[in-house]
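Coordinate analysis (summary)
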Amino acid sequence: KLRDGWRADVWIAPAPVLEQAAALGRVGTHQPLAQVGVGVAVAQGQVAPDISTVAAWQGAVRRAPAVFYTQASSGQYIHGLLSSMGMLGEVQSKVHRFDNGEAMLLALSQVGTPPGAMAMGAISEIQTFSQRGVVCVGPLPPAIAHKTIYALAMDEQSPRLCHAQRWVQMCQQTDVWGDVSRTGIEPL
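First, a word on scope: everything that follows refers to the structure included in this document. This structure is a prediction, so every number in the text was calculated from the model and none was measured.

In terms of regular secondary structure, the protein chain is built from eight helices and eight strands. Taken along its principal axes, the extent of the C-alpha atoms in the protein chain is 55 × 35 × 35 Å. When each of the 188 residues of the protein chain is scored for burial, the buried share is 41%. The contacts in the protein chain between residues at least 6 apart in sequence include a share of 76% that link residues at least 24 apart.

Let us look at the side chain of T148. Along the polypeptide, T148 turns up in strand β7 (residues 147-154). Other than its neighbours up to four places away in sequence, T148 contacts P14, A34, Q35, V36 and S73.

Taken together, I12, W167 and M170 make up a surface patch of nonpolar side chains, about 270 Å² in accessible area. Looking at the element boundaries, M170 is found in helix α7 (residues 161-171). Residue class for M170 comes out partly exposed when judged on its relative accessible area of 36%.

Right, let's get into helix α2 (residues 54-63). Those residues of α2 not exposed but buried are A56, W57, Q58, G59, A60 and V61. Taken together, the buried residues of α2 touch β2 (30-43), β3 (67-70), α3 (73-84), α4 (88-91) and β5 (118-122).

Within this structure, the stated rule accounts for one aromatic pair. Consider the rings of F68 and F98, whose centres lie 5.2 Å apart with planes at 65°: the pair is edge-to-face. Here F98 lies in strand β4 (residues 95-98) and F68 lies in strand β3, a separation of 30 residues in the sequence. Here F68 and F98 have matching classes, each one buried.

This part takes up the layout of surface pockets. Its volume calculated, the second largest pocket comes out at about 240 Å³. Sorting the residues of the lining of the second largest pocket by element identifies β2, α3, α6 (123-128) and β7 as the ones contributing at least two each. Counted by class, the lining of the second largest pocket contains five nonpolar, eight polar and two charged residues.

If you look at the biggest cluster of nonpolar residues, it comprises 21 residues, and the most contacted ones within it are W57, V61, L82, M118 and M120. Breaking this core down by element, the ones donating at least two residues are β2, α2, β3, α3, α4 and β5. Sequence-distant contacts of V61, defined by excluding residues within four places in its chain, comprise V67, L82, M87, V91, K94, M118 and M120. Of all hydrophobic cores here, the second largest spans 13 residues; its members include A43, F98, L105 and A119.

With that settled, the discussion passes to the pairing of β7. Summarising the sheet, strand β1 (residues 10-14) and β7 pair through five bridges and their orientation is antiparallel. Across the sheet, residue A13 finds its bridge partner in β7, namely A151. The pairing of β2 with β7 spans seven bridges and is antiparallel. Its bridge partner lying in β7, G37 is registered against K147.

Definitions and limits used
Residues numbered from 1 in each chain as written. Predicted model: local features only at pLDDT ≥ 70, side-chain atom pairs only at ≥ 80, totals over all residues. Heavy atoms only, no water. Helix = DSSP H or I, 4+ residues; strand = E, 2+ residues; numbered from the N terminus. Buried < 20%, exposed > 50% of the residue type's maximum accessible area, 1.4 Å probe, protein only. Contact = heavy atoms within 4.5 Å. Patch = residues over 30% accessible without salt bridge, like charges linked within 9 Å, V, L, I, M, F, W, Y side chains within 5 Å. Areas by Shrake-Rupley, 256 points an atom, 1.4 Å probe, with all protein chains shown as cover. Salt bridge = Lys/Arg side-chain N within 4 Å of Asp/Glu carboxyl O. Phe/Tyr/Trp six-rings, centres within 6.5 Å; stacked < 30°, edge-to-face > 60°. 1 Å grid on protein atoms, 1.4 Å probe; cavity = no way out; pocket = protein on both sides within 12 Å on 5 of 7 lines; lining within 4 Å. Points joined across faces, edges and corners; volume = space filled by probe spheres on them. Nonpolar A, V, L, I, M, F, W, Y, C, P; charged D, E, K, R; others polar. Core = buried A, V, L, I, M, F, W, Y, C linked by side-chain atoms within 4.5 Å. Pairing = 2+ DSSP bridges.

Here it is as structure tokens:
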């Protein structure tokens, strides 16, 4: 959307996206806001795979009849991880990629999804779907864990720059966040 010329008072996106936007002159400097880990999910009622170690996670991916991840930052990480481990060719035929986490998790929770299918994505999105037929198995094993840092940047040409600045300042106050740990979002 930034490349297409969309405007916003404040942008929240993975830090590399805002670095590109700054290079295009769309936003000013960005600052870290929060980080979100990558986790594994299954449909409610399915047996949770063992993902406690890298070997267990690899086995779970190999045994899953379908593997879901997104085109977004967490999916790019999973795709690169499978590739670097030499597993991508082996599992490619059962990989389903989605534009975003919502589409991925809706697909996972639908009737007709192969039993045992697993999805990997942002823990915060997985937690959002916990009441909608999706169960968070947990984060990736520590040796391959990944966290996406989300940053905040203002559009310096916003006609509401003063309001945007106040909103950004509010986001930086730790007491505003409350207890968001159960959501998978970790304020920075």
